[in-house]
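The residues making up each chain are set out below.
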There are 2 protein chains.
Amino acid sequence: VEPQLPFQTVRPTPEHDALVILDQTLLPEREEERTLETLEEMAEAIRLLRVRGAPLLGVFGAWALAVLAERARTGEIGDSKGLLSHLREAASTLEETRPTAVNLAWALERMLRVAESVVSREGDAAAVSAALLAEARAIHHQDREMCRRMGEHALTLLGDDDAPLTLMTHCNAGALATGGMGSALSPVYLAHDGGRKVRVFADETRPLLQGSRLTAWELTRSGVEVTVVTDGMGAPLLRRGEVDAVVVGSDRIAANGDVANKIGTYGLALLAREHGVPFYVLAPTSTVDLECADGDAIPIEERDPEEVREGFGRRTAPEGAAVWNPAFDVTPARLVSAIVTEEGVVRPPFDEGLGDAVERARRTSEAARRENVAP
Amino acid sequence: VEPQLPFQTVRPTPEHDALVILDQTLLPEREEERTLETLEEMAEAIRLLRVRGAPLLGVFGAWALAVLAERARTGEIGDSKGLLSHLREAASTLEETRPTAVNLAWALERMLRVAESVVSREGDAAAVSAALLAEARAIHHQDREMCRRMGEHALTLLGDDDAPLTLMTHCNAGALATGGMGSALSPVYLAHDGGRKVRVFADETRPLLQGSRLTAWELTRSGVEVTVVTDGMGAPLLRRGEVDAVVVGSDRIAANGDVANKIGTYGLALLAREHGVPFYVLAPTSTVDLECADGDAIPIEERDPEEVREGFGRRTAPEGAAVWNPAFDVTPARLVSAIVTEEGVVRPPFDEGLGDAVERARRTSEAARRENVAP
């Protein structure tokens with residue numbers, strides 16, 4: 001049984017003609033949903049970070065294509081080949097919104113393969129749309145499952161079930177970043193649900209404050225004790241010796257175990273090592289990109305300087321000052337104590353273990369597919 | 001000759017009946033002065049950080065007592081003993097505003113000693129006030145001198161005069177933090193003034209953003225190239241290998257070289273060492289507290305959680321979340337490459353060198369005093 005969270009990050013309307021998201025830009029002040037109908041609204045929702053978090057972007061992308069297919073089919077595009085070409089364009093627009101997270105591209109590609117397969121078997125537009133809705137539902141369900149399994153595997157690293165647990169995390173790799181109960185925060189919810197005393201330190205994560213705005217919000221909303229610190233407080237906090245482990249998510253993991261994640265992760269990993277605190281990365285295998293040999297091959301998105309200059313609605317840096325605003329950094333594999341995927345715990349050196357995990361996940365997924373599409 | 005800065009942080013009115021400060025809480029949006037007449041306004045200006053920066057608090061405290069003496073003398077307190085007791089109370093109120101910075105207490109005590117000395121020589125209230133005005137002027141002048149000398153000593157560590165220079169700094173230890181051109185930023189202004197190409201990376205310094213609001217403002221205002229980064233970007237920035245050195249100020253330095261400074265400094269020092277970048281602390285000898293054997297003896301001010309939760313007029317963390325908000329941290333001496341005071345460069349191990357520097361400063365100051373008060 002899985003802990004029930006008191007909010008939903010993304011869902012289709014009952015008619016499958018629109019997506020409903022929890023607008024994350026309004027948190028923590030307002031808990032407000034927003035309905036997205038068009039490709040432009042969906043792409044904008046990603047760009048403006050109304051919806052964000054690598055695994056959730058995958059789930060969102062899948063639902064987006066399913067909804068767009070259903071809308072096109074019941075609208076102007078009646079034939080399956082026209083629909084496929086429409087979906088390819090939509091996928092390409094969605095994929096271009098954010099270059100670092102690999103899950104979005106992964107989900108979009110998976111959806112397109114399903115559509116192609118239906119078209120190649122001469123299915124009509126209705127069949128394409130139905131298959132895409134089923135695939136999006138499967139991706140969402142798998143994401144929930146992956147969160148739970150990551151949490152269970154991670155708890156094997158986090159000591160006795162009865163002992164109080166204090167974790168530190170960066171950015172938001174929680175329920176708001178996935179279709180389930182989160183990657184980095186999944187052991188938190190599982191442990192809390194099991195009656196264990198859990199405390200989380202969330203660093204703010206400038207410039208967009210996903211730690212204080214989102215992680216602190218979802219934990220508070222779910223009854224978990226959380227303390228917010230600014231990004232510069234990590235070192236003295238870790239020095240106090242109260243933190244059992246640092247847990248973070250990832251936007252892309254290279255074949256050698258280098259981890260791209262929200263800016264600030266690399267520094268925190270160095271501080272964790274300096275203070276003898278384990279540093280765990282929790283991410284589904286869809287985050288692992290075996291095509292990237294190491295972190296140097298991962299593209300790093302640079303975002304608008306205004307996010308830093310005027311992020312609080314008030315100018316906080318003079319106009320004449322330049323700003324460097326990379327959205328992510330790369331933590332070298334040597335600083336990572338373990339990578340936890342839905343397939344289990346991978347320890348350094350990561351090369352072999354990550355390849356194995358990806359392969360196991362592929363086989364599981366293939367087996368599920370054969371079962372579903374059996375003649 | 002000293003670089004001329006286009007703004008003044010604190011000055012008395014020509015009649016010496018009020019203080020005029022640049023209100024630092026309004027930067028970088030507005031460059032606006034504020035006039036302070038009463039003890040309450042002066043204490044509030046410190047508490048609200050309208051005036052801040054350890055050396056500037058010393059200069060401000062000195063001018064505050066001088067102005068309060070002049071106001072009391074021309075107001076209700078005509079006798080010198082009554083005036084002295086009035087000043088002692090004022091000093092105690094001012095000193096209690098901020099517990100970590102030692103310069104404020106140092107300057108207030110120095111001013112009281114001058115007042116006591118005049119009273120013990122049977123000087124009247126006018127003589128007390130005149131002596132205090134002269135002493136405040138001397139403290140301000142010495143602070144300017146100390147800034148220049150710190151800058152000159154620091155430049156001996158920063159390579160060839162013709163080579164481009166790239167520094168990173170934390171918080172604000174610039175002209176806005178002193179009565180002169182700053183501690184950490186003094187080599188920046190000297191090098192820039194000498195025609196050297198200088199570039200500064202300023203980290204934001206949450207929660208109060210002294211880096212982006214103040215350091216970036218004063219450098220931009222003075223024509224120095226500055227790039228703002230968030231606190232979490234220090235690690236990838238230092239990894240790029242462009243930064244020649246990290247320079248910071250200090251609020252208190254223990255006898256063994258442990259350095260209390262704005263929260264975030266300790267983490268940055270660790271990151272600098274990890275990337276082989278020298279970490280220099282620039283601070284006047286008045287910052288050195290030989291009474292504190294090491295950093296554990298330095299009291300660390302914890303500030304209002306609302307600074308983190310709602311720092312910029314917009315709620316950025318949910319009400320249910322706790323906040324830890326220490327204003328300072330302690331960087332252990334082993335991470336400090338050198339401490340630069342007005343008396344020169346002190347290298348590790350710091351114990352002996354710091355004691356010597358303090359002693360040299362004391363002798364210089366005694367000599368100056370004997371010269372001034374010669375019969």
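Because the structure is predicted, anything quoted here is derived from the model rather than measured.

Trainee: Can you walk me through the sheet that holds strand β6 (residues 225–229) of chain B in this structure?
Mentor: The strands making up a sheet associate through backbone hydrogen bonding, with each pair oriented either parallel or antiparallel. Spatially, β12(A)-β6(B)-β5(B)-β4(B)-β7(B)-β10(B)-β14(B)-β15(B) is the arrangement adopted by the eight strands of the open sheet, whose pairing is mixed. If you trace the sheet from one side to the other, it starts and ends with β12 (322–323) of chain A together with β15 (344–346) of chain B, each paired once. As defined by bridge partners, strand β4 (residues 165–169) of chain B adjoins strand β7 (residues 245–248) of chain B across three bridges and the pair is classed as parallel. If you follow Met168 of chain B over to β7 of chain B, its bridge partner there is Val246 of chain B. Across the face of the sheet, helix α9 (residues 265–274) of chain B comes into contact with β4, β5 (198–203), β7 and β10 (279–282) of chain B while running at roughly 140° to β10 of chain B.

Trainee: I keep staring at the interface of chain B and chain A and nothing clicks. Help me out?
Mentor: Note on interface size: it is often stated as the accessible area lost on association of the parts. The partner chain A presents 53 residues to the 52 residues of chain B that form the contact. In total, about 4,400 Å² of surface goes out of reach between chain B and chain A, with carbon and sulfur atoms giving 64% of it. Taken together, the links from chain B to chain A amount to eight salt bridges. The salt bridge partner of Glu274 of chain B is Arg273 of chain A, with a shortest N-O separation of 2.9 Å. Counting across the interface, chain B meets chain A through 22 residue pairs in polar contact (both at pLDDT 80 or more). With six residues, α9 of chain B is the single largest residue contributor to the side of chain B that touches chain A. Looking at the side of chain B that touches chain A residue by residue, the class counts come to 27 nonpolar, twelve polar and 13 charged. As paired elements, strand β6 (residues 225–229) of chain A and strand β12 (residues 322–323) of chain B share two bridges and run parallel to each other. Looking at the pairing, Thr227 of chain A lines up with Ala322 of chain B of β12 of chain B.

Trainee: What is the right way to look at the nonpolar core in this model?
Mentor: Ranked by internal contacts, the top residues of the largest apolar core, which has 64 residues, are Met168, Leu238 and Val246 of chain A together with Met168, Leu238 and Val246 of chain B. Look past the residues within four positions of Leu238 of chain A in its chain and what remains in contact with it is Met168, Val243, Val246, Leu268, Leu271, Ala272, His275 and Val277 of chain A.

Trainee: Whenever I open this one, the relation of the copies chain B and chain A confuses me. Can you help?
Mentor: The relation between the two chain copies is a rotation about an axis coupled with a shift along that axis. Here chain B sits on chain A after a turn of 180° about the axis and a move of 0.0 Å along it, with an RMSD of 0.1 Å. Such values leave the two copies arranged in the relation of a two-fold axis. Identified as the residue of chain B closest to the rotation axis by C-alpha distance is Asp231 of chain B, at 3.1 Å. Interface overlap between copies is the fraction of interface residues in one copy that are interface residues in the other; for chain B against chain A it reaches 100%, indicating a shared surface.

Trainee: Please clarify how the pairing of β5 of chain B should be interpreted in this entry.
Mentor: Two faces, one strand: in a regular strand the side chains alternate between the faces of the sheet. Residue and element names in this part refer to chain B. Most of β5 is tucked away, with five of its six residues classed as buried. Where β4 meets β5, five bridges bridge the pair, whose relative direction is parallel. Counterpart to Leu165 in the pairing with β5 is Val198. Handedness of the crossover joining β4 and β5 through helix α6 (residues 186–193) is recorded here as right-handed.

Trainee: Help me understand helix α3 (residues 80–95) of chain A in this model?
Mentor: Residues three or four positions apart in an α-helix share a direction because the helix packs 3.6 residues into each turn. Residue and element names in this part refer to chain A. In this model α3 runs 22 Å from its N-terminal to its C-terminal C-alpha over 16 residues, within 8% of the 22 Å that 1.5 Å per residue would give. What α3 keeps buried is the set Ser80, Leu83, Leu84, Leu87, Ala90, Ala91 and Leu94. Projected down its long axis, α3 carries its buried residues within an arc of 125°, all on one side. Of the residues in α3, the exposed ones pointing more than 90 degrees away from the buried face are Lys81 and Glu89. In this structure, the buried side of α3 is in contact with α1 (39–47), α2 (54–73), α4 (102–120) and α5 (125–155).

Trainee: Just to check I follow, could you spell out the side chain of Asp203 of chain A for this structure?
Mentor: Examined against the element boundaries, Asp203 of chain A turns out to sit in strand β5 (residues 198–203). Buried Asp203 of chain A, no salt bridge; nearest opposite-charge side chain is Arg206 of chain B, N-O distance 11 Å. At 2.8 Å, the side chain of Asp203 of chain A forms a polar contact with the side chain of His170 of chain A. Setting aside anything within four residues of it in sequence, one finds Asp203 of chain A in contact with Met168, Thr169, His170, Cys171, Gly211, Ser212, Val229, Thr230, Asp231 and Leu268 of chain A.

Trainee: Which parts of the structure should I look at to understand unusual backbone geometry?
Mentor: Trans peptide bonds make up the majority, and among non-glycine residues the majority have a negative phi. Cis geometry marks the peptide bond from Leu27 of chain A to Pro28 of chain A; its omega dihedral reads 0°. Within the fold, Pro28 of chain A resides in the loop between β2 (19–22) and β3 (33–36). Residues Arg206 of chain B and Pro207 of chain B are joined by a peptide bond in cis, for which omega reads 5°. Its identity is not glycine, yet Glu122 of chain A carries a phi of approximately 65°, on the positive side. Note on placement: Glu122 of chain A falls in the loop between α4 and α5. By relative accessible area, Glu122 of chain A is classed as exposed at 73%. Positive phi, close to 60°, is recorded for His16 of chain B, a residue that is not glycine. Tracing the backbone through its elements, the reader meets His16 of chain B in the loop between β1 (10–12) and β2 (19–22).

Trainee: Got a minute to help me understand the packing of aromatic side chains in this structure?
Mentor: Geometrically, a pair of aromatic rings is defined through the distance of the ring centres and the angle of the planes. Throughout the structure, instances matching the rule amount to two aromatic pairs over all chains. Relative to Trp217 of chain A, the ring of Phe7 of chain A has its centre 5.0 Å away and its plane inclined at 55°; by these criteria the two rings are tilted. Here the residue Phe7 of chain A occupies a position in the segment before β1 (10–12), and Trp217 of chain A occupies one in helix α7 (residues 210–221), the gap between them amounting to 210 residues. For Phe7 of chain A, a relative accessible area of 10% corresponds to the buried category. A relative accessible area of 6% means that Trp217 of chain A is categorised as buried. Sitting over the face of the ring of Tyr266 of chain B, Arg239 of chain A holds its NZ or CZ atom 4.9 Å from the ring centroid. A cation sits over an aromatic face here: Lys262 of chain B above Phe328 of chain B, 4.5 Å from the ring centre.

Quick notes on the rules
The residue numbers shown here count from 1 along each chain, following its written sequence. Written order decides the labels, with chains lettered from A and ligands numbered from 1. Since the coordinates come from a predicted model, pLDDT governs what is reported: local features require at least 70, and pairs of side-chain atoms require 80 or more to be given and counted, while whole-chain, interface and lining totals use all residues. Note that water and hydrogens are dropped before the side-chain values are worked out from all heavy atoms of the structure. Pairs of strands are assigned from DSSP output, requiring at least two bridges between the strands. Starting at the N terminus, helices and strands are each numbered in turn, a helix being any DSSP run of H or I of at least four residues and a strand any DSSP run of E of at least two. Contact between two residues is taken to exist if any of their heavy atoms lie within 4.5 Å; hydrogens are not considered. Throughout, an axis means a line fitted to C-alpha atoms (over the contacting stretch in the case of helices), and angles, computed between N-to-C directions, take values from 0 to 180 degrees. As a working definition, buried area equals the accessible area (1.4 Å probe) given up by two parts on being put together, with both sides summed. Any Lys or Arg side-chain nitrogen located within 4 Å of an Asp or Glu carboxyl oxygen qualifies as a salt bridge. Polar contact is the term for a pair of N or O atoms within 3.5 Å; when the atoms are in protein, one must be able to donate a hydrogen and the other to accept it, and sequence-neighboring residues count only if both atoms are side-chain atoms. Each residue gets one of three labels, nonpolar for Ala, Val, Leu, Ile, Met, Phe, Trp, Tyr, Cys and Pro, charged for Asp, Glu, Lys and Arg, and polar for the others, Gly among them. Nonpolar core, defined: a set of buried Ala, Val, Leu, Ile, Met, Phe, Trp, Tyr and Cys residues in which side-chain atoms within 4.5 Å join the residues together. Per-residue accessibility, obtained with a 1.4 Å probe over protein chains only, is compared with the maximum for each type, and a residue is labelled buried under 20%, exposed over 50%, and partly exposed between these values. A least-squares superposition brings the copies together, and it is based on the C-alpha atoms of residues with pLDDT no lower than 70 in both. Handedness of a crossover is defined as follows: with both strands directed away from the viewer, a clockwise route from the first strand across the helix to the second makes it right-handed. Here the expected span of a helix is defined as 1.5 Å times the quantity of residues minus one. Think of it as the arc spanned by the lines of direction from the helix axis to the C-beta atoms. Counted as positive: Lys and Arg. Counted as negative: Asp and Glu. His and the chain ends are not counted at all. Whether two aromatic rings pair depends on their centres lying within 6.5 Å, for rings of Phe, Tyr and Trp, where Trp uses its six-membered ring; planes under 30 degrees apart make the pair stacked, over 60 edge-to-face, and the rest tilted. Cation placement over rings: the criterion is NZ of Lys or CZ of Arg within 6 Å of the ring centroid and within 35° of the ring normal.

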